[in-house]
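Architecture at a glance
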Amino acid sequence: MADAYAVIGHPIGHTKSPLIHGLFAEATGQDMAYTAIEGRPGHFAEDAQAFRARGGRGMNVTAPFKLDAVAFATDRSERARLAGAANALKFEGERVFAENFDGIGLARDVVHNLGCAMRGRRVLLLGAGGAARGALLPFLEQQPAELVIVNRSVDKAQALQAEAQARGPVRACGYADLAGQRFDLVVNATSASLRAELPPVPASVFQPDGLAYELAYGKGLTPFLRLAQQSGTRRLADGVGMLVEQAAEAFAWWRGVRPETGAVIRRLTVPLA
């Protein structure tokens, strides 16, 4: 019988995870079955335990259950602890291991796939929610000259700074404080693009040879990316590479082999137009 894995979320109908992991399994010769589970808000632990009782080996976790997943686990990685959230679980006997691969998938896409080194560069991270928290440690591991977290509620950005400041040069501020500053990499980790809105970031933060990265994927030229383009930035990217890279990290964690990602990223890419 094939080893069972799943993704759980609510809603879950839009997920690309079964396709991605199916392609990974085919490419690496892994005998596994991967399904999607429509989770019930308020009942994550029951739903996860039911899948585990059916022989499930591991799960990807998406919104709105990432906080529930880290609470459900018996063992949490440093990334999951810092993020306060998990996007992958692994079941081994009585133990439930939690990981957060969102940030490491994002960093790998930026640095390896897009060729945008962070070492010695200035990085701006928009937002202080779960996506930003997940990116903190992987970004600081890339040794940027400075990582600036900006958020409407400055106190939330300052809380992240306090948690991460021992790991590298991180600073928190409000959007008004960005006047006159420019960055090599600007990452939109807010939820604004999901509502076709633009975070209040000044156009001056972008520069022509920098990279503007939108965590949302498959939405074309979002208001954030359009602003970057109009500001003269020539390099734009959405989060499809992050989606595939974090999936590859989970796959390797579960199966012990890391699949190639290039062909899957190309298959899922929607033109930015």
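Look up: the structure comes first, before these words.
These numbers were taken from a predicted model, which means no experiment stands behind them.

Cut-offs applied
Residues numbered from 1 in each chain as written. Predicted model: local features only at pLDDT ≥ 70, side-chain atom pairs only at ≥ 80, totals over all residues. Heavy atoms only, no water. Helix = DSSP H or I, 4+ residues; strand = E, 2+ residues; numbered from the N terminus. Rg over C-alpha atoms; globule rule 2.2 N^0.38 Å. Buried < 20%, exposed > 50% of the residue type's maximum accessible area, 1.4 Å probe, protein only. Contact = heavy atoms within 4.5 Å. Areas by Shrake-Rupley, 256 points an atom, 1.4 Å probe, with all protein chains shown as cover. Core = buried A, V, L, I, M, F, W, Y, C linked by side-chain atoms within 4.5 Å. Arc of directions from axis to C-beta. Pairing = 2+ DSSP bridges. Axes fitted to C-alpha atoms, helices over the stretch in contact; angles between N-to-C directions.

**Some words on the overall build of the protein**
Across its full length, the protein carries 10 helices and 12 strands. For 273 residues, the compact-globule formula gives about 19 Å, and the C-alpha radius of gyration of the protein, at 18 Å, lands near that figure. Counting only C-alpha atoms and orienting by the principal axes, one finds that the protein spans roughly 60 × 35 × 30 Å. Split into buried and exposed, the 273 residues of the protein put 52% on the buried side. Residue pairs in contact within the protein that sit at least 24 positions apart in sequence constitute 67% of those at least 6 positions apart. Surface summary for the protein: the accessible area is close to 11,800 Å², and the carbon and sulfur share equals 50%.

**Notes on the nonpolar core**
Judged by nonpolar contacts, the single largest core of 31 residues is most densely connected at L106, V110, F139 and Y213. Elements supplying a minimum of two residues to this core: α5 (102-113), β7 (122-126), α6 (130-141), β8 (146-150), α7 (154-164), β9 (170-173), β10 (185-188) and β11 (211-214). In terms of residues, this core owes the most to one element, α6, which gives 6 residues. Excluding its chain neighbours within four sequence positions, the residues that come into contact with F139 are L106, A107, M118, V123, L125, P144, L147 and V187. If you look at the next biggest cluster of nonpolar residues, it comprises 21 residues, including A25, Y34, A247 and A250.

**Description of helix α8 (residues 223-230)**
All buried positions along α8 are accounted for by F224, L225, L227 and A228. Seen end-on, α8 carries its buried residues on one side only, within an arc spanning 160°.

**Some points on the sheet that holds strand β5 (residues 88-92)**
Reading across the sheet, the 6 strands line up as β2-β1-β3-β5-β6-β4 and stay open at both edges, with mixed pairing between neighbours. Taken across any chain shown, the strands that pair with only one partner, and hence form the sheet edges, are β2 (32-38) and β4 (75-76). With 5 bridges joining them, β5 and strand β6 (residues 95-99) adopt antiparallel strand pairing. Looking at the pairing, F91 lines up with V96 of β6. Sheet strands touched by helix α2 (residues 44-53): β1 (3-9), β2, β3 (56-61), β5 and β6. Its angle to β3, the strand with the most contacts, is close to 145°.

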